[in-house]
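# Residue-level structural notes
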Amino acid sequence: MAVFTVNGEQVSVDKDCKLLRFLRDELRLTSVKDGCSEGACGTCTVLVDGKPVRACVLRTEKLEGKSVLTVEGLSPLEQEIYAYAFAQAGAVQCGFCTPGMVLCAKALLDQTPHPTREQAAFAIRNNICRCTGYVKIIDAILLAGELLEKGEVPARPAGGWKVGDRVPRVDAREKVLGTGIYTDDVYLDGMLHVGAVRSAYPRARVLAIHTGEARALPGVVGVFTADDIPGKNKVGHLVKDWDTLIAVGDVTRYLGDAICLVAAESPEILEKAKTLVRIDYEPLTPVHNPAESMAPDAPRLHENGNLLAHKHIRRGDPQGAIARSKHVLREHFSTPWTEHAFLEPECAVAYPDGDGVMILSSDQSAYDTQHETMGMLDLLPEQVKVKNMLVGGGFGGKEDVTVQHLAALVARVTGRPCKMKLSRAESLLVHPKRHPMEMDFTLGCDENGIIQGVTAEVVADTGAYASLGGPVLERACTHAAGPYNYQNFEINGYAWYTNNPPAGAFRGFGVTQTCFAMECMLNRMAEIVGISPWEIRWRNAIRPGQELPNGQIADASTGLAETLLAVKEVYESSPRAGIACAMKNAGLGVGLPDTGRARLLVEEGKIHILSGASCIGQGLGTVLTQIVCDVTGLPPEQVVYRRPNTYLAPDSGTTSASRQTLFTGEACRRAAEKVKEAMKEKPLTELEGQDFYGEYLGKTDPLGSDLPNPVSHVAYGYATHVCLLDEEGRVEKVVAAHEVGKAINPLSLEGQIEGGVVMSLGYALTERYPLEECCPTAKFGTLGLFRADKTPPVEPIIVEKAGVDVACGAIGVGEIASIPTAPAVEEAYYRYDGKRRNTLPLADTRYSRK
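So, here is what we can say about the structure in this document. Keep in mind that what you see is a predicted model, and the values were worked out from it rather than measured.

## So, the pairing of strand β28 (residues 731-739)
Where a strand is regular, its side chains alternate between the two sheet faces. Counted residue by residue, β28 has 7 buried out of 9 residues, so it is predominantly covered. With 8 bridges joining them, strand β27 (residues 715-725) and β28 adopt antiparallel strand pairing. Residue pairing across strands places H721 opposite A736, the latter belonging to β28. Note: β28 against strand β31 (residues 794-799), 6 bridges, orientation parallel. Looking at β31, one finds that A737 is bridged to I797.

Given below as structure tokens:
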């Protein structure tokens, strides 16, 4: 037995266990998050005798006589100060890491009341944040120190919630204090714990599944196979090729394939039971890469063959233009697998609901989860209800179902509540990653550096299943031309199935890869022509009224030239500066149906915002609240943002393609205009129960349209990044200029840019997701994620330019923030040491692993 105190209360523990499990499962102190259970992420940080420790490592037997503190145990004044400081500084995005950051801040400020930025960064060095880039977390720590010294919290400023105002997130307080509920924070009476027994081979035929020993284990409620699925076994976003469970006689396609599900009364029994399931296999030769997949004698991985998608885009006469060019450059580039590394592992809770099932989930679309689960369970839409809890980051990695449909299946079969959560090792294996790509580019320019034509070929490893591999490849191809004014362009893109983990959506959606290649090409061409990399972009930059390589006429909001001007001085001031540009679509585009929807419901004198659009940390709820306040003139106290669901909130599409601010924002604006009109006749208190609906359809033209100037996307964002190195070859600073149309919340916008830049610094320099025989070998702690004390300053520059006539003029920035950084870093290193690098992560830098 160990006796110690938790938040000032004495507790005793008879059975030794990890402190994390005791705090969460026994005391229900759910501010202490389980991000990895490997001691690597810091989300479970608590203070023990005033020092930060990781609760997932420390065992209760070591705590005799000690004092444990969580954010629930902070004094009321401390809680108010940290909630205020982190909100006002913009330090909260997805929020999953935030309570751990707060406790690290307290440990620092208790000992060092007036820390420097360097000391604050060092204090949180063991805590990963994948969203913010750490800049605003450090701001929050310094602000908290000032407020603690004064011993008071400033009064919150009245008003100030118009479009364009710097306001705190609507969900910041609950995330700082740990009262907000993520899916793993849900505990229901009688809840079963569900886990999957996954394939032992990347490719093998399942001959038999022996479940008798597992079923016989006391506490095991059931073991379920493909035979227990009442509907269709295949799921998938666009291509239904992903097996829910691998049936006897079928072939596994990667190590993440689930063969059967085990449901047990406790996590401990579940893990024991999984080891008792025996599976007979006939191992088959796996396909490791696209070269093997496209070979004539390659095994057929899917019914329709091994090629998931081929995209061909051609405009003008690129071959002729290149042949006539003064200068021609040809290069090959390689980009790697990348893991999203969101802090919250996938989790779902499902329970019987009338004649159907309710799913609580942390994903990027409640409606996508509903659609996938309906077919698998053979239920109607009204029988599958889905509600988003708080989402601890996504970045594209939570667009596919991973646990939601499986938890629902077991809940449906057993009639009991079920929780299914992936371990961090499972998460690293199971969900789709960023596509690795091999790319060949040819660029032709005239004597002045004006682009004449570009041709390219892209080969992507899409892994075991389709996921969003087709659209990712398409976006990689459509954006490979870059944000420049020329019309001779051709690209062929191929996505090949392999037996690796699937590849799918990842922040940048394929553009991150082809932008690296094209921007590196421009930097090299500038040297050949004899002009600067800034100058070659200035001469070719797309401007309003000009024609993009896809034929679309650039609208009035096109601001690439303005972003170049914004960084000109800083770029030209350093001999070790690298530069790159990017463009990124807002919305699905290319003729696909794409609609934003919102309801504004008047209840108890307040407007409740209801939309099926998931907020995964980007601050959508705050954006919608500002739009409603701006249009109606109401204060934020009279506006309530409610979590997305499928039974009250209309479907507003997936949180993807940087679309929600524009599409759902415009739908919300239209609904708010109706409220405004209604309020001219009656005060809000007399509109009780009334429902105001808004919808926005972004109409575009399909890829390959025969129109002379098709509209591929309703809007594009533009950016220029500059990377500066110091004399020792470390990144000294990144300056990121973004044209965003209208900045609805500059504070939140800066945080998105800072986080995107730091994520891409990892992509460029440190991050690795290695595979051996189709098996990922990385742990969370070895992925190479940037830490606070190693992260350079990031300076966001917001360029506003009118021209988009929806959503108050706003253009999404979630993806483009991470696109041009890597090629800017590559050019900076060339200026530093004269070496060209065509592969990511860049070799022979101060960040390279020995």
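## Describing helix α17 (residues 560-572)
Look at α17: 18 Å from first C-alpha to last across 13 residues, which is about the 18 Å you get at 1.5 Å a residue. Taken as a whole, α17 carries its principal kink of about 35° at A566. Residues of α17 that are buried include every one of L560, A561, T563, L564, V567 and Y571, and no others. At its buried positions, α17 is contacted by α16 (533-540), β22 (577-586), β27, β28 and β31.

## Focus on the sheet that holds strand β3 (residues 45-48)
Spatially, the 5 strands line up as an open sheet ordered β2-β1-β5-β3-β4, and their pairing is mixed. Here the strands that pair on one side only, and so sit at the sheet edges, are β2 (9-13) and β4 (51-54). For this sheet, the mean inter-axis angle between neighbouring strands, taken without regard to orientation, is 40°. Examined bridge by bridge, β3 and β4 share 4 bridges and lie antiparallel to one another. Along β4, the bridge assignment pairs L47 with P52. Contacts from helix α1 (residues 19-26) reach β1 (2-6), β2, β3 and β5 (67-69), with the element oriented near 65° to β1. Across the sheet, helix α3 (residues 98-111) lies against β3, β4 and β5, angled at about 30° from β3, the strand it touches most.

## A closer look at the pattern of salt bridges
For the coordinates displayed, the defined rule picks out 59 salt bridges. Two residues, K106 and E78, come together in a salt bridge whose shortest N-O distance is 2.7 Å. Separated by 28 residues along the polypeptide, K106 in helix α3 and E78 in helix α2 (residues 76-88) bring together distant segments of the chain. Of the two residues, K106 and E78, neither departs from the other in class, the shared state being buried. Note that E754 is salt-bridged to K136, the shortest N-O span being 3.0 Å. Placement of the pair is E754 in helix α20 (residues 746-765) and K136 in helix α5 (residues 135-150), with a sequence separation of 618 residues. Just as E754 is buried, K136 falls in that class too. When salt bridges with common partners are traced through the structure, they connect R21, R24, D25, K33, D34, D184, D185, K419 and K421 into a single cluster.

Analysis parameters
- Residues numbered from 1 in each chain as written.
- Predicted model: local features only at pLDDT ≥ 70, side-chain atom pairs only at ≥ 80, totals over all residues.
- Heavy atoms only, no water.
- Buried < 20%, exposed > 50% of the residue type's maximum accessible area, 1.4 Å probe, protein only.
- Helix = DSSP H or I, 4+ residues; strand = E, 2+ residues; numbered from the N terminus.
- Pairing = 2+ DSSP bridges.
- Expected span 1.5 Å × (residues − 1).
- Bend = angle between axes of the 7 residues up to and from the residue.
- Contact = heavy atoms within 4.5 Å.
- Axes fitted to C-alpha atoms, helices over the stretch in contact; angles between N-to-C directions.
- Salt bridge = Lys/Arg side-chain N within 4 Å of Asp/Glu carboxyl O.

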